[in-house]
Amino acid sequence: MSKPDRTNKSNVPMSANQNKLAEHIAALQACTLCPSMIGPVITHAVVSSKIYLCGQAPGVYEGDLGRPFAWTAGKTLFKWFSSIGVDEEIFRSHAYIGAVCRCFPGKTSSGGDRVPTLAEVKNCSRWMEAEFKLLQPQLVIPVGRLAIDVFLPKQKLSEVIGKQYHKEAFGTACDIIPLPHPSGASSWFKVEPGITLTKEALVLLSAHPVWNETFKQI
Ligand code: SF4
C-alpha cells in the first residue's frame with residue numbers, strides 16, 4: 001500500500017513557521033524513545049493551523065496507511081465533522097492532528113489496543129509541547145479519555161463532553177472542546193447521554209470563531 005507524501009508538494013514556498021514544522025515532523029518521524037512502541041511514527045502533514053486535534057495513539061492500521069485517524073475511528077470522527085460542514089480532506093488540510101502517543105502501542109492479550117504507559121505518555125509529550133510552541137493553537141480538540149486527561153482534570157466523560165474550557169496548555173492559552181473517542185470499541189457516544197453531549201460538543205465547535213475563521217472560505 002502506498003503511503004501519502006507528507007511533504008509540501010504545492011509550488012507555494014513554505015513560510016518560516018512551516019519550515020520549522022517540517023523539520024519538527026522529520027525529527028518526530030525518527031523518534032525511537034519507547035522500546036515497547038511499534039513504529040512507524042504516525043505524523044500529520046505540514047499544516048500550520050490554529051486548530052490542534054489531539055488523538056490518543058494510532059491503531060494497528062495507521063502504520064500502513066501513514067496518517068492519523070485513517071481507519072474506522074477516523075470514519076466516525078470525520079462523519080461528525082461533516083455533519084457540521086467540514087469534510088475529511090478539508091479538515092486534514094486545514095487543522096493539525098497530533099496525539100498523546102504517535103506510535104502504535106500494540107495489542108493486549110484480550111485483543112484490545114494497549115493503553116500507553118505513563119512513561120510513554122511523558123516521552124511523547126515533548127513532541128506535543130514543541131508543536132504548541134510552534135503553532136500556538138487557539139482551539140484544541142482532545143479526542144478520547146487519554147487525550148482529554150492531558151488538558152483537563154480527570155472527570156467522567158458525561159461531565160466533560162459538551163462543554164468548552166479556556167486553559168493554558170504547554171504555555172499557550174487556548175479554548176478546549178473535548179470529544180469522546182469515536183472508536184468502534186467504545187459505545188459511549190452511541191447511547192445517552194453520549195449522543196446528546198457529542199452533538200452539543202459539535203455545536204460548540206461549529207460556533208467557535210477559530211473553527212469558522214479556519215474553514216470559512218471553503
Ligand atoms: S510514542 Fe512518541 S516518544 Fe515514544 S517512540 Fe513513538 S514518537 Fe517517540
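Up top is the structure.
Predicted model, so just to flag it, every value in this text is computed and none were measured.

S.K.: Got a minute to help me understand the pattern of salt bridges in this structure?
M.R.: Pairing between side chains of opposite charge can happen when the charged atoms of each approach one another. For the structure shown, the criterion picks out ten salt bridges. Of the charged contacts in the structure, one is a salt bridge between Glu89 and Arg67, with a shortest N-O distance of 2.9 Å. With Glu89 in helix H4 (residues 88–94) and Arg67 in the loop between helix H2 (62–65) and helix H3 (72–83), this pair connects stretches of sequence that are 22 residues apart. Among the residues examined, Arg67 registers a relative accessible area of 27% and is labelled partly exposed. The shortest N-O distance in the salt bridge between Asp149 and Arg145 comes to 3.3 Å.

S.K.: Sorry, what's going on with the pairing of strand E2 (residues 96–99) here?
M.R.: Side-chain positions along a regular strand alternate between the two faces of the sheet. Every second residue of E2 is oriented toward a common face, with Tyr96 and Gly98 on one face and Ile97 and Ala99 on the other, all of them buried. As paired strands, strand E1 (residues 51–55) and E2 are joined by four bridges and run parallel to one another. Across the sheet, Gly55 pairs through a bridge with Ala99, a residue of E2.

S.K.: Would you explain helix H5 (residues 118–135) in this entry?
M.R.: Residues lying three or four places apart along an α-helix face the same way, a consequence of the helix completing one turn every 3.6 residues. A rise of 1.5 Å per residue sets the reference length of H5, with its 18 residues, at 26 Å; its end C-alpha atoms lie 25 Å apart and thus fit the reference within 8%. Of all the positions in H5, only Glu120, Val121, Cys124, Trp127, Met128, Glu131, Phe132, Leu134 and Leu135 are classed as buried.

S.K.: What should I look at first to understand the nonpolar core in this one?
M.R.: Nonpolar side chains tend to gather and get buried jointly when the protein is soluble and globular. Within the largest apolar cluster, 58 residues are counted, with the highest numbers of intra-cluster contacts made by Phe81, Phe91, Leu179 and Trp211. Broken down by element, the residue count for this core peaks at seven residues, all from H5. Ignoring any residue separated from it by four or fewer positions in sequence, one finds Phe81 in contact with Leu53, Val86, Phe91, Leu179, Leu202, Leu205 and Trp211.

What counts, and where the lines are drawn
- Residues numbered from 1 in each chain as written.
- Predicted model: local features only at pLDDT ≥ 70, side-chain atom pairs only at ≥ 80, totals over all residues.
- Heavy atoms only, no water.
- Salt bridge = Lys/Arg side-chain N within 4 Å of Asp/Glu carboxyl O.
- Helix = DSSP H or I, 4+ residues; strand = E, 2+ residues; numbered from the N terminus.
- Buried < 20%, exposed > 50% of the residue type's maximum accessible area, 1.4 Å probe, protein only.
- Pairing = 2+ DSSP bridges.
- Expected span 1.5 Å × (residues − 1).
- Core = buried A, V, L, I, M, F, W, Y, C linked by side-chain atoms within 4.5 Å.
- Contact = heavy atoms within 4.5 Å.

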